[in-house]
Amino acid sequence: ISTYRDVSTMWLRAGDLFDDKVVDQLAQADSNLSTLFAGKDFGEEILGEVHPEIQVVVARQLFADKTPKPAIKLPAFAAVFRLKDPETVGPDFRRTYQSLIGFLNVIGAMNGQPQLDLDMDKEDNYQIVSANYLPEKDASPGGLKIHYNFSPSVAFVGEHFIVSSTKALARELAVAVSKENKPNSDVNSFVQVNVGGVSAILADNRGQLVAQNMLSEGHSKEEAERAIGDLFALLEAVEDASIDLAASEGTLRASLEIDYVAD
């Protein structure tokens with residue numbers, strides 16, 4: 001997903017955009033986030049340092065042989081931002097990330113959750129700060145908690161700032177954005193879906209999908225497997241899909257494109 005949104009202005013003018021309940025929730029969040037960012041105003045001094053261009057990426061997560069594997073495998077996801085003053089704001093974001101990991105470890109320890117171990121990688125043109133969950137003792141192979149889908153990471157590549165659920169995706173995006181690529185100036189939002197990738201993500205958890213169908217629909221195992229099989233058959237008929245919103249001369253144009261698999 002690529003989109004153009006002035007999040008700072010939206011945050012600061014929340015009273016004009018949302019109802020009272022949402023405004024109250026945002027006010028509480030603003031207070032907590034300002035504390036996390038060492039007293040800086042979150043809407044003006046933090047979001048205000050980010051350009052309106054935002055990109056969100058979701059991808060299938062592959063687990064190496066020696067990597068702890070959770071029972072439920074979630075896709076990796078990340079957001080890519082462009083900073084107005086990376087030399088000044090970048091170190092603030094890095095310190096805030098490290099403080100957040102420390103806070104999560106304290107809360108996790110109080111609730112018996114696995115702990116995160118910080119790590120840092122620095123290459124010629126990017127830096128990644130990541131955290132990995134320490135392996136659980138006596139855990140069955142492939143049956144770890146859902147936490148092990150995550151190795152929360154941040155990456156800094158010139159003016160780009162990446163927040164990712166996994167270190168692997170953060171590195172992949174850091175390499176990608178280091179190659180200069182100017183966005184289309186008239187694009188408001190663009191969504192592209194690789195249906196084969198979606199099918200692969202679901203296939204990683206096919207057993208869980210069958211079990212959930214049995215519980216929610218009251219189906220037998222055979223009926224549930226047939227229903228999930230129909231879903232995969234539908235996905236296999238489509239290759240790619242995209243939605244494009246573009247603004248030009250005061251108008252907003254939307255286009256939908258679907259590529260079907262040839263017989």
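Residues numbered from 1 in each chain as written. Predicted model: local features only at pLDDT ≥ 70, side-chain atom pairs only at ≥ 80, totals over all residues. Heavy atoms only, no water.

Here we look at the environment of Thr-3
Okay, so step 1: If you trace the backbone, Thr-3 turns up in strand β1 (residues 2-4).
Okay, so step 2: Given a relative accessible area of 18%, Thr-3 falls into the buried group.
Okay, so step 3: In sequence terms Thr-3 and Val-191 are 188 residues apart; their C-alpha atoms lie 8.5 Å from each other.
Okay, so step 4: Ignoring sequence-local partners within four residues, the contact set of Thr-3 consists of Pro-52, Glu-53, Ile-54, Asn-188 and Ser-189.
Okay, so step 5: Engagement of the side chain of Thr-3 in a polar contact is seen with the side chain of Arg-5, the distance being 3.2 Å. (Helix = DSSP H or I, 4+ residues; strand = E, 2+ residues; numbered from the N terminus. Buried < 20%, exposed > 50% of the residue type's maximum accessible area, 1.4 Å probe, protein only. Contact = heavy atoms within 4.5 Å. Polar contact = N/O pair within 3.5 Å; in protein donor to acceptor, adjacent residues only side chain to side chain.)

Regarding the packing of helix α8 (residues 206-217) against helix α9 (residues 221-236)
Okay, so step 1: Axis separation between α8 and α9 bottoms out at 9 Å; the angle between their running directions is 120°. With respect to α9, the axis of α8 lies oblique. Between α8 and α9 lies a crossing of right-handed hand. Within the contact between the two elements, α8 uses Arg-206, Leu-209, Val-210, Asn-213 and Met-214 and α9 uses Lys-221, Ala-224, Glu-225, Ala-227, Ile-228, Gly-229 and Phe-232.
Okay, so step 2: Along the lines of polarity and charge, the residues of the contact of α8 with α9 split into 7 nonpolar, 2 polar and 3 charged. (Axes fitted to C-alpha atoms, helices over the stretch in contact; angles between N-to-C directions. Parallel < 35°, antiparallel > 145°, perpendicular 65-115°, else oblique. Left-handed = near helix turned anticlockwise from the far one by under 90°. Nonpolar A, V, L, I, M, F, W, Y, C, P; charged D, E, K, R; others polar.)

Observations regarding the sheet that holds strand β8 (residues 187-194)
Okay, so step 1: Ordered in space as β4-β5-β6-β7-β3-β2-β1-β8-β9-β10, the 10 strands form an open sheet in which the pairing is antiparallel. Bordering the open sheet on either side are β4 (116-122) and β10 (251-260), each of which pairs with just one other strand. Going across the sheet, the axis of each strand differs from the next one's by a mean of 15°, ignoring polarity.
Okay, so step 2: Inspection of the sheet shows strand β6 (residues 153-157) paired to strand β7 (residues 160-164) by 5 bridges, in the antiparallel sense. Residue pairing across strands places Ala-155 opposite Ile-162, the latter belonging to β7.
Okay, so step 3: Strands in contact with helix α6 (residues 167-177) are β2 (50-59), β3 (76-83), β4, β5 (127-133), β6 and β7; relative to β7, the strand with the most contacts, it is inclined by about 160°.
Okay, so step 4: Along the sheet face, helix α7 (residues 195-203) touches β2, β8 and β9 (238-248) and points at about 55° away from the line of β8. (Pairing = 2+ DSSP bridges.)

Observations concerning the environment of Lys-145
Okay, so step 1: Relative to the assigned elements, Lys-145 resides in the loop between β5 and β6.
Okay, so step 2: Between the C-alpha atoms of Lys-145 and Pro-114, which are 31 residues apart in sequence, the distance is 9.1 Å.
Okay, so step 3: Other than its neighbours up to four places away in sequence, Lys-145 contacts Pro-70, Gly-112, Gln-113, Pro-114 and Glu-136.

Side note on helix α5 (residues 86-110)
Okay, so step 1: The terminal C-alpha atoms of α5 lie 35 Å apart, and with 25 residues this matches the ideal 36 Å at 1.5 Å per residue to within 8%.
Okay, so step 2: Residue Gly-112 follows α5 closely and has a positive phi angle near 70°. (Expected span 1.5 Å × (residues − 1).)

Quick look at the packing of aromatic side chains
Okay, so step 1: Inspection of every chain in the model, using the stated rule, returns 8 aromatic pairs.
Okay, so step 2: Taking 6.2 Å as the distance between ring centres and 75° as the angle between the ring planes, the aromatic pair formed by Phe-77 and Phe-150 counts as edge-to-face. On the criterion of sequence distance, the pair formed by Phe-77 in strand β3 and Phe-150 in the loop between β5 and β6 is long-range, its members being 73 residues apart.
Okay, so step 3: Sitting above the plane of the Phe-156 ring, Arg-94 keeps its charged end 5.7 Å from the centroid. (Phe/Tyr/Trp six-rings, centres within 6.5 Å; stacked < 30°, edge-to-face > 60°. Lys NZ or Arg CZ within 6 Å of the ring centre and 35° of its normal.)

Re the nonpolar core
Where a protein is soluble and globular, its nonpolar side chains tend to be buried together.
Okay, so step 1: If you look at the biggest cluster of nonpolar residues, it comprises 19 residues, and the most contacted ones within it are Phe-93, Tyr-97, Val-154 and Phe-161.
Okay, so step 2: At the level of secondary structure, the elements contributing two or more residues to this core comprise α4 (42-46), α5, β5 and β6.
Okay, so step 3: With 4 residues, α5 is the largest single contributor of residues to this core.
Okay, so step 4: In terms of nonpolar packing, the next biggest core, distinct from the first, is built from 13 residues, Val-57, Ala-76, Leu-173 and Val-177 among them. (Core = buried A, V, L, I, M, F, W, Y, C linked by side-chain atoms within 4.5 Å.)

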